[in-house]
Amino acid sequence: MFDLSVGPVQYYWSRQAVIDFYADVADSAATSVCLGEVVCSRRHEFKPDDWLDLARDLRQSGKDVVIGTQALIETEAELRTLRRLAEQGDFIVEANDAAAVHLLAGHAPWVIGLHVNVYSAPALAEYISLGARRWVAPVELSLQAVGQINPPGSLVPSEVFAFGRMPLALSARCFTARHHHLQKDTCGFRCLDDPDGLVLRTREGQDFLAINGIQTQSGSVHCLLGEKAALVQAGVTRLRLSPTSRGFAEVVRQFDAVMNGGAPATAAIELLKDLDLPGPLSNGFAQPKRAGLEWVTS
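What you see is a predicted model; the values in this text were computed from it and never measured. (Residues numbered from 1 in each chain as written. Predicted model: local features only at pLDDT ≥ 70, side-chain atom pairs only at ≥ 80, totals over all residues. Heavy atoms only, no water.)

Undergrad: Kindly report on the side chain of Ser220, identifying the contributing residues and their values.
TA: Among the structural elements, Ser220 can be located in the loop between strand S11 (215-218) and strand S12 (221-223). When near neighbours in sequence (up to four residues on either side) are disregarded, Ser220 contacts Gly164, Arg165, Met166, Asp207, Pro280, Ser282, Gly292 and Leu293. (Helix = DSSP H or I, 4+ residues; strand = E, 2+ residues; numbered from the N terminus. Contact = heavy atoms within 4.5 Å.)

Written out as structure tokens, the structure is:
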């Protein structure tokens, strides 16, 4: 059995869209939810106390709730928010940068976020010694590598990014603002216009990347629905499903049916391909030495 973990909303959605989304999550088969603004502090539809209130509501509905921290800390205001989340004490925190690790280490159990670089067993062991209780593997690691770094039966569970546009990089520059010929500090919150990011295509028309404010994502939608055997072999017990603005409830249903209900993956994958997802499916990073944007069939 796999725990299905809904990752943080990476995009800038309206307040009502966020509320409606998590109302659906509360009724879903997902067992865990990671909340919070992890990309850009200018996104103010939800403030830290709003996220904590939502976390309490989701916990009452039976979900295991984690609070995610921003992945790129640049200002004193962002550091104050980070301290607020690290010190709140009600929910375990997922650290997405070294500043969060520094605040959490030795003070409370915490989760290693996928933006914290862990590429070896000694690195993972060091974070475990600082109080980490779960590891979310970087998206570019193959499942074979995940199993080598954190073998089955290890001290902490492994969680892998199993669905969604992959977060690849962050920058001090806002690419969305630049696309609209605006300054970062006067961006007009144009991210609200792109609920799944803004697609960048190659000259051949292939979805290559997506820009999401200061974040660069994959143009394709990473999907490990057909990788159950490899996930089991790697000792993975938790699957992170990253929110999309359309079709996400069906995504959760199909992952639960295949991973926990024994349904065939082939039919479920075809169903996902027919949904109005933000890009084509890919699974290349799960395979050794394959490009992340590839779709590899076994």
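Undergrad: I'd like a description of empty space enclosed by the protein, backed by residues and values.
TA: In total, this model carries five cavities of 30 Å³ or more according to the counting rule given. In terms of lining residues, the largest cavity is bounded by Gly7, Pro8, Gln10, Val38, Glu94, Asn96, Leu114, His115, Phe161, Pro167, Arg240 and Ser242. Grouping the constituent residues of the lining of the largest cavity by class yields five nonpolar, five polar and two charged. (1 Å grid on protein atoms, 1.4 Å probe; cavity = no way out; pocket = protein on both sides within 12 Å on 5 of 7 lines; lining within 4 Å. Points joined across faces, edges and corners; volume = space filled by probe spheres on them. Nonpolar A, V, L, I, M, F, W, Y, C, P; charged D, E, K, R; others polar.)

Undergrad: Run through the sheet that holds strand S9 (residues 198-201), naming residues and quoting values.
TA: In spatial order, the strands read S8-S11-S10-S9; together these four strands make up an open sheet with antiparallel pairing. The sheet terminates laterally at strand S8 (167-170) and S9, the two strands that pair on one side only. Averaged over neighbouring strand pairs, the angle between their axes works out to 30° when direction is ignored. As paired elements, S8 and S11 share three bridges and run antiparallel to each other. Across the sheet, Pro167 pairs through a bridge with Gln217, a residue of S11. (Pairing = 2+ DSSP bridges. Axes fitted to C-alpha atoms, helices over the stretch in contact; angles between N-to-C directions.)

Undergrad: Run through the side chain of Ser242, naming residues and quoting values.
TA: When you line up the elements, Ser242 lands in the loop between strand S13 (236-241) and helix H9 (248-259). Its relative accessible area of 3% is what places Ser242 among the buried residues. At 2.9 Å, the side chain of Ser242 and the side chain of Gln10 are in polar contact. Excluding anything up to four places from it in sequence, Ser242 contacts Pro8, Gln10, Phe161, Phe163, Gly164 and Phe248. (Buried < 20%, exposed > 50% of the residue type's maximum accessible area, 1.4 Å probe, protein only. Polar contact = N/O pair within 3.5 Å; in protein donor to acceptor, adjacent residues only side chain to side chain.)

Undergrad: Give me the lowdown on the pattern of salt bridges, citing residues and values where you can.
TA: Applying the stated criterion across every chain, the model contains 19 salt bridges. Salt-bridge contacts for Glu76 lead to Arg83; the nearest nitrogen and oxygen are separated by 3.4 Å. Classification of Arg83 as partly exposed rests on a relative accessible area of 32%. Within this structure, Asp3, Glu94, Arg134, Glu159, Arg238 and Arg240 form a network of salt bridges that share partners. (Salt bridge = Lys/Arg side-chain N within 4 Å of Asp/Glu carboxyl O.)

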